[in-house]
Amino acid sequence: MRMKIKRKMNVNRVFYLYFSVMIGVFGAETDTIETVSVNVGESVTLHTDIRAIKKNDHIMWLFGSDSPGTRIAEIIKWSYMFSIYVCHKEQFGDQLRLDHQTGSLTIENISAEHSGLYKSVIITNQKKLNKMFNVKVYAPLPIPVITRDSSHNSTTSERFSRSKCLLMCSVRNASWVTLSFYKENDLLSNISGSGLSSFLSLPLEVDYYDQNTYSCVASNFISNRTARVNITDLCQPYSGNVEKQKNRLMKIAKT
């Protein structure tokens, strides 16, 4: 019994020593961060690039931008032990899988809260290797909604004098989305949101009787959705001023 207890104490002592060394690795410069993009509900695997774990190898996975991060998985293979740890708490639940042969980490049924920085520290052949992954989880892109901004003509005098129609393209609850207005195939303007945007909008001013084709595109790294602009339906002049607007635009065209 005494020998077993002593052995256990030595293992714990070595374990904490290794843990401290690995934490210290992140005090130095790290390798290039690899960006990984994935849709909500899919699975993604972060690879260690190790073919097979060998004796005396030690692999630890950390999550979070804070240094060093939260330990979420670990494999230790020494001559007298083979230890595996996978976090099953709160944020990740039962969604983490650790490959016992390579140490690669898989996140199943991924959600937006799993976006962030993942770090692997690998001690193999007496070398320390760092790998970092910036995982971006994208929610399904909604089709952008195009409406007329009626607040653009706030007074009666402005309603009679303006020949412009202000359109607004918007999306809700989209991840790392960019909204772009196009005239035919030419980009007119765009705006981008960082992370999950609860609401993002982009304005466009056009003539009431513009015959060009316009579209609004919501896009991210993975996909895009397009909405066509129907100026005839959206940009009807205010009642009583149709003929006046047409005559005014005809005079402008002749000059």
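To be clear, the structure that these remarks concern was listed above.
First things first, this report covers the structure right here in the doc. (Residues numbered from 1 in each chain as written. Predicted model: local features only at pLDDT ≥ 70, side-chain atom pairs only at ≥ 80, totals over all residues. Heavy atoms only, no water.)

Some words on the environment of proline 144
Here's step 1: Tracing the sequence through the fold places proline 144 in the loop between β9 (127-138) and β10 (145-148).
Here's step 2: For proline 144, a relative accessible area of 4% puts it in the buried group.
Here's step 3: For the pair formed by proline 144 and cysteine 169, sequence separation is 25 residues and the distance between their alpha carbons is 6.3 Å.
Here's step 4: For proline 144, the residues in contact, after removing those within four places along its chain, are Cys169, Ser170, Val171, Leu179, Cys216, Ala218, Arg225, Thr226 and Ala227. (Helix = DSSP H or I, 4+ residues; strand = E, 2+ residues; numbered from the N terminus. Buried < 20%, exposed > 50% of the residue type's maximum accessible area, 1.4 Å probe, protein only. Contact = heavy atoms within 4.5 Å.)

What to know about the pattern of salt bridges
Here's step 1: The full count for this structure, using the stated rule, is five salt bridges.
Here's step 2: Linking glutamate 74 and arginine 71 is a salt bridge whose minimum nitrogen-to-oxygen distance equals 2.5 Å.
Here's step 3: Across the pair arginine 97 and glutamate 108 runs a salt bridge, and its minimum N-O distance is 3.5 Å. With arginine 97 in strand β6 (residues 96-98) and glutamate 108 in the loop between β7 (105-107) and β8 (116-124), this residue pair connects regions lying 11 residues apart in the sequence.
Here's step 4: Classification of arginine 97 as partly exposed rests on a relative accessible area of 32%. (Salt bridge = Lys/Arg side-chain N within 4 Å of Asp/Glu carboxyl O.)

Structural notes on the sheet that holds strand β3 (residues 57-63)
Here's step 1: Ordered in space as β1-β9-β8-β3-β4-β5, the six strands form an open sheet in which the pairing is mixed. Here the strands that pair on one side only, and so sit at the sheet edges, are β1 (33-39) and β5 (81-86). Direction aside, the axes of adjacent strands within the sheet are offset by 15° on average.
Here's step 2: Alignment of β1 against β9, held across seven bridges, turns out to be parallel. Looking at the pairing, valine 36 lines up with valine 135 of β9. (Pairing = 2+ DSSP bridges. Axes fitted to C-alpha atoms, helices over the stretch in contact; angles between N-to-C directions.)

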